Amino acid sequence: MKSFKLTLLFFILFAIPSFSQINTPIDSSYAAYFEKGREIPYLHLNKTHFIKGEELWLQAYLLNLNTRKLHEHTSNLYCGIYDLDGRLKQQKLLYVDNGIATGNFKIDSTFTDNKYVIRASTSWMKNFAEDDSFNQTIAIISNNKDLKSNDKESIDIQVLPEGGHLLNNTNASIGIIAKDAKGNGVQLQSGEIRNQNNEVVSKFRFNKFGLAKGLFHYKAKDTYTIQATSFDGKNHIVDVPIAKQIGLSMQVQSPSSSFFKITLSTNNKSLKLLTNKSYNLIVHNAGSMVERKIVLQPNVLTYDLLIPSKKFSKGINIITLLNDKNQSLLERIIFNYDSDLFSKIDISNIKEKTKNSVLLDIVNNNQNTINLSASILPVRSKATSNASSIYAKFLIEPFIKGALENPNYYFTNTNRKKLFDLDLLLLTQGWSKYSWSNIFINPPNDFNPFEKGISISGEINMNIKSEKPQISMLSKSNEILLFSDITSNRFSFNNVYLPDSSEVNFSIIGQKKLKTPKYVVNQERLNKLPKTIQKLSSKEVVSNKEDKELIFSDFILETVVLDEVEIIGENKFKHDPRFSSANMNGLVIDKNDTRPLLSFISSNGFRINRNLGQLTISSSRRTLSIMSAPTNPRTTVFIDDIEEPADLYFLETLRVNDFEEIYFIDADALSKGGRIYLYTRPDSQLKSRKSKFSVYKIPMGFSESKEFYTPKYKSFTNELFLNYGVIYWKSNISINPNETFNLTFPNLMQKEFKIIIEGITEDGKLISLEKDITFKKETKL
């Protein structure tokens, strides 16, 4: 009767809006630890199995774990491909726009291993103890390696006590997982728990992923083993962990979808030492937290807490029991399923658009905009693995230490059986990713800020006589011209968006005589990926038995990739001035024109001013002002797209034929004094002067987004293409509420396709769809 009253009491207490409204040290520590929103990256790849000559295409989604929506702040995402020894092979910096980025990697002849890992992370993530980077194994299909599978695989059985440990003389619950040599779960035929007398005390069954749950009463002084039998009749034996003599144990059950049952148990030996001891039961999810104080009562061995599901957060919840010293004793991860975590899309009107293309509609029936990416493969494709999904990365992996197998199984057509299997999966994950010792004593730092573009800083190693010197940075190809003050011989350009390998020109402004800028430039604030990381583990992703007879070298036509060539018509000009204008007058200069340059500029409507040893150029048009006398605004002069200082004394000795092209722009909104662009002739006396404008190549800029192209496959009907080829990839699909996106793609002689779509809604609901489709040919009347 006493146990029944406690169960009823706890149900009533937990039915109130929160477990506790009291502000405690646990509250403040927890709030401080999770105050800074973590960034969780996920990469949707067009596939995971590649052959040399193909491209890996991706769309990145960056989640704010606090808001459970796409991240709005960070713009820099670092993606790299590592070999399994942890050595960086390639890396790219992707530009993130409102939580979305796109990119690609060329799988070229240098990919000589069978497997690599693609990794994605941000600078902000370095502030946290937990590693939330994205890691996905990719396979390079090749017949140059020994691809034979090992048919004689060993079975590894692991036993994980629910809550973290077992306790003598209490009802015990253990999670059991069976794995093959590749680390994949493997279903066994049957399992038993036996004591030291070989007596069966409990039986259990494995699901198709090799997961099981064993229940039995753990008697003091007894020892137990797991004995499992595989379908070939082989027996596998492993010990059950030894139970503790004193303490508490935990079990969590979900008898129905409406509530969870948490059972805390102890034994008589423990009561003698622990009666009247207080504990805190914490339910949290790396953002919100509720707690309940529990005091052990005399003669009470079991505490049942019945908690309505609606009191838990949607998705993952971590249940932790802390003692009065705030040490974690027990922990269990559960999933509170709610359909509101997900969103659906419809695919309709699949038909032949032309003889060689297919059209289908992606319909957004939601009340929020959705962002999607889509991969289209042959219907029998083996080119994708089930090792990752947007569901797993955003809903579960931020909270657990391990990786998930077959994550989409649990969230596709979800029912009670799949939720039970998901609970088995979480039971075998052990402790969560978040350590309570870190929560109390090691809060995140903010040494690594949100990155918005590239920060370039440097130090000038020369004397600068100007009172207010500046340095300019010009990238003509990217239409960027920026200025930075030089303070104590240091300068900095922040939040710059430059493509990878861009060249920029630096020049110092504010000196009478231009000198070669001597400086040291660094991009230390650009947090590149490490060149080496911890040696990576990888699950087998290549099915080799069926593929060993395929001729991989006979897959893609050999091509010669040519540099981009710009075809120019009869345009007589070689240069394209930055900030051009409709009133620009461009002149191609005759090499025999020896007129003085300043006279030539004056004859084209500009004033030459000599005052106190300085020479300036200004517009011949005066600017009127009510408050002051009329003035002639100063003209800005550029030589080879580098802005010159105000004092143009050095133009005194130059001739018109020192330049091959000259452009004059009259006063406009950009410059009231107008602009003059001078482009030097290769044999000009200014050739040596040009070297005084230093050119700096950005070591790592943003990777430029490319449009998908279909590889030049030799055949669209052979086994290799049907198993591993790619038909189409579409990124940056954005569909407004209740609207439709028309997706057109080549059919490549196929009548059936596999389409894989992933994405997220504006309010954070997740989308993942894999569907086989068949198109209908239109009949002409």
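Quick look at the structure, then. Owing to the predicted nature of the structure, the values given are computational and were not obtained by experimental measurement. (Residues numbered from 1 in each chain as written. Predicted model: local features only at pLDDT ≥ 70, side-chain atom pairs only at ≥ 80, totals over all residues. Heavy atoms only, no water.)

Let's talk about the pattern of salt bridges
In step 1: One pass over the structure, following the stated rule, counts 20 salt bridges.
In step 2: Between aspartate 423 and arginine 332 there is a salt bridge whose closest N-O contact spans 2.9 Å. On the criterion of sequence distance, the pair formed by aspartate 423 in helix H6 (residues 416-427) and arginine 332 in strand E23 (residues 328-336) is long-range, its members being 91 residues apart.
In step 3: With a relative accessible area of 21%, aspartate 423 lands in the partly exposed category.
In step 4: Lysine 393 is the salt-bridge partner of glutamate 397, the closest N and O atoms lying 3.9 Å from each other. For the pair glutamate 397 and lysine 393, one class covers both residues: buried. (Salt bridge = Lys/Arg side-chain N within 4 Å of Asp/Glu carboxyl O. Helix = DSSP H or I, 4+ residues; strand = E, 2+ residues; numbered from the N terminus. Buried < 20%, exposed > 50% of the residue type's maximum accessible area, 1.4 Å probe, protein only.)

Some words on the nonpolar core
As a rule of thumb, soluble globular proteins bury nonpolar side chains together.
In step 1: Core analysis: the largest hydrophobic core is formed by 69 residues, its most contacted members being Leu43, Ile118 and Ile396.
In step 2: Beyond its immediate chain neighbours, meaning those up to four positions away, isoleucine 118 contacts Leu43, Leu45, Leu56, Leu58, Gly80, Ile81, Phe105, Phe134, Asn135, Gln136 and Ile138.
In step 3: Formed by 33 residues, the second largest nonpolar core is a distinct cluster that contains Ile347, Leu360, Ile370 and Ile756. (Core = buried A, V, L, I, M, F, W, Y, C linked by side-chain atoms within 4.5 Å. Contact = heavy atoms within 4.5 Å.)

A short note on helix H2 (residues 25-34)
In step 1: Regarding H2, the residues found buried are Ile26, Asp27, Ser29, Tyr30, Tyr33 and Phe34.
In step 2: Residues of H2 that are buried sit in contact with strand E19 (278-284), strand E20 (289-295), strand E22 (315-322) and helix H7 (436-441).

Brief notes about H6
In step 1: Between the first and last C-alpha of H6 there are 16 Å, a value that for 12 residues agrees with the 16 Å anticipated at 1.5 Å per step.
In step 2: Along H6, the positions that sit buried rather than exposed are Lys418, Asp421, Leu422, Leu424, Leu425, Leu426 and Leu427.
In step 3: The backbone nitrogen of lysine 417 has a side-chain oxygen 3.2 Å away, supplied by the residue at the start of H6, namely asparagine 415. (Expected span 1.5 Å × (residues − 1). Polar contact = N/O pair within 3.5 Å; in protein donor to acceptor, adjacent residues only side chain to side chain.)

Some details on the pairing of strand E25 (residues 357-364)
In step 1: Where burial is concerned, most of E25 is hidden: 8 out of the 8 residues are buried.
In step 2: Residues Ser357, Leu359, Asp361 and Val363 line one face of E25 and the alternating positions Val358, Leu360, Ile362 and Asn364 line the opposite face, and both faces are buried.
In step 3: In terms of strand pairing, strand E24 (residues 345-354) meets E25 through 7 bridges, oriented antiparallel. Across the sheet, residue threonine 354 finds its bridge partner in E25, namely serine 357.
In step 4: Two strands pair when backbone bridges link them, and E25 and strand E42 (residues 740-746) are joined in this way by 7 bridges, in the antiparallel orientation. Of the residues in E42, the one forming a bridge with valine 363 is threonine 740. (Pairing = 2+ DSSP bridges.)

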